[in-house]
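Coordinate analysis (summary)
Residues per chain, in single letters:
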Amino acid sequence: MGLSKGARDVGVAVAILALTALIVLRVSGESGETITGTARAADGDTLTLDGHRIRLVGMDTPEMMQICKRDGEDWRCGVAARSRLAEFLRAGPVTCRTQGRDKYDRLLARCETEAGDLGGRMVREGLAVAYGGYEDEEQFAKAERKGLWATEFDLPQQWRRMNGRPQEDTHKGQPGVLGDILSTLGLG
C-alpha cells in the first residue's frame, strides 16, 4: 500500500527543509566570501592571500615553463605573466570575492586592487587569455597585438595537453553538495 497523503506531505516538507538548509550552508560558506590583504603571485593566474591559494576566474595564463616566440626569439611568457601579476599585487591591498573552489581545492575568485580587476587587466594586456570571462578584454588585446597576441604561442590549455600537464577546467567552481543534488534532479 502507498503512503497516506499526510505522510507524503510530511516527507515533502522534510525534503524542502533539508534543501533549504543546504542552500543556507552553501551561501554562508566560502562561496561569496570576501578576503582582503596583501597577496603574492604564485604564477600568472594564482595568488596567495591570507593563507589561501586563489585562482583568478575567467582567464588563463601560460604555464611557468611555457615558452612563446616573439620576433623569432624565445620569450618566457609564463614567467612574464607571473611577473606582471606580482607587479599588480605590489600596488596595494587586494580584495577577492570567492566563487567556490576548483578541482585542486583552490578558491576561485575575482580579485581587484585600487587599479581595477586583476583578471581583466591581465587579459587586456595580453598576458592571459579569456577562459570563461573577459572576452571583450581579449578582443582588445588581439586588436592591439598586445602581449601573447604579438607572439607565436600555444593556448595554455593546448600547451598543458601537449606537455602532459593536468588540464584546467573552465572556471565555474565545484558545485558542492547543493550543486550535486540540483544536477541529479536535472536542475543544475
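Use the structure listed above.
The paragraphs below set out a description of the structure included in this document. (Residues numbered from 1 in each chain as written. Predicted model: local features only at pLDDT ≥ 70, side-chain atom pairs only at ≥ 80, totals over all residues. Heavy atoms only, no water.)

With that out of the way, let us pick up the pattern of salt bridges. One pass over the structure, following the stated rule, counts 11 salt bridges. The residue arginine 160 makes a salt bridge to aspartate 60 at a minimum N-O spacing of 2.6 Å. Residue arginine 160 is located in helix H5 (residues 156-162), and its partner aspartate 60 is located in strand E5 (residues 58-60); the two are separated by 100 residues in the primary sequence. Close ionic contact of arginine 160 with glutamate 63 constitutes a salt bridge, the shortest N to O distance being 2.7 Å. In this pair, arginine 160 sits in helix H5 while glutamate 63 sits in the loop between E5 and strand E6 (68-70), placing the two residues 97 residues apart along the sequence. Connected via shared salt-bridge partners are Asp45, Arg55, Asp60, Glu63 and Arg160. (Salt bridge = Lys/Arg side-chain N within 4 Å of Asp/Glu carboxyl O. Helix = DSSP H or I, 4+ residues; strand = E, 2+ residues; numbered from the N terminus.)

For the rest of this paragraph, the subject is the packing of aromatic side chains. For the coordinates displayed, the defined rule picks out one aromatic pair. Aromatic pair tryptophan 149 and phenylalanine 153: ring centres 5.1 Å apart, planes at 80°, arrangement edge-to-face. Across the ring face of phenylalanine 140, the terminal group of arginine 124 is positioned such that the distance to the ring centre comes to 3.7 Å. Sitting above the plane of the tryptophan 149 ring, lysine 142 keeps its charged end 4.9 Å from the centroid. (Phe/Tyr/Trp six-rings, centres within 6.5 Å; stacked < 30°, edge-to-face > 60°. Lys NZ or Arg CZ within 6 Å of the ring centre and 35° of its normal.)

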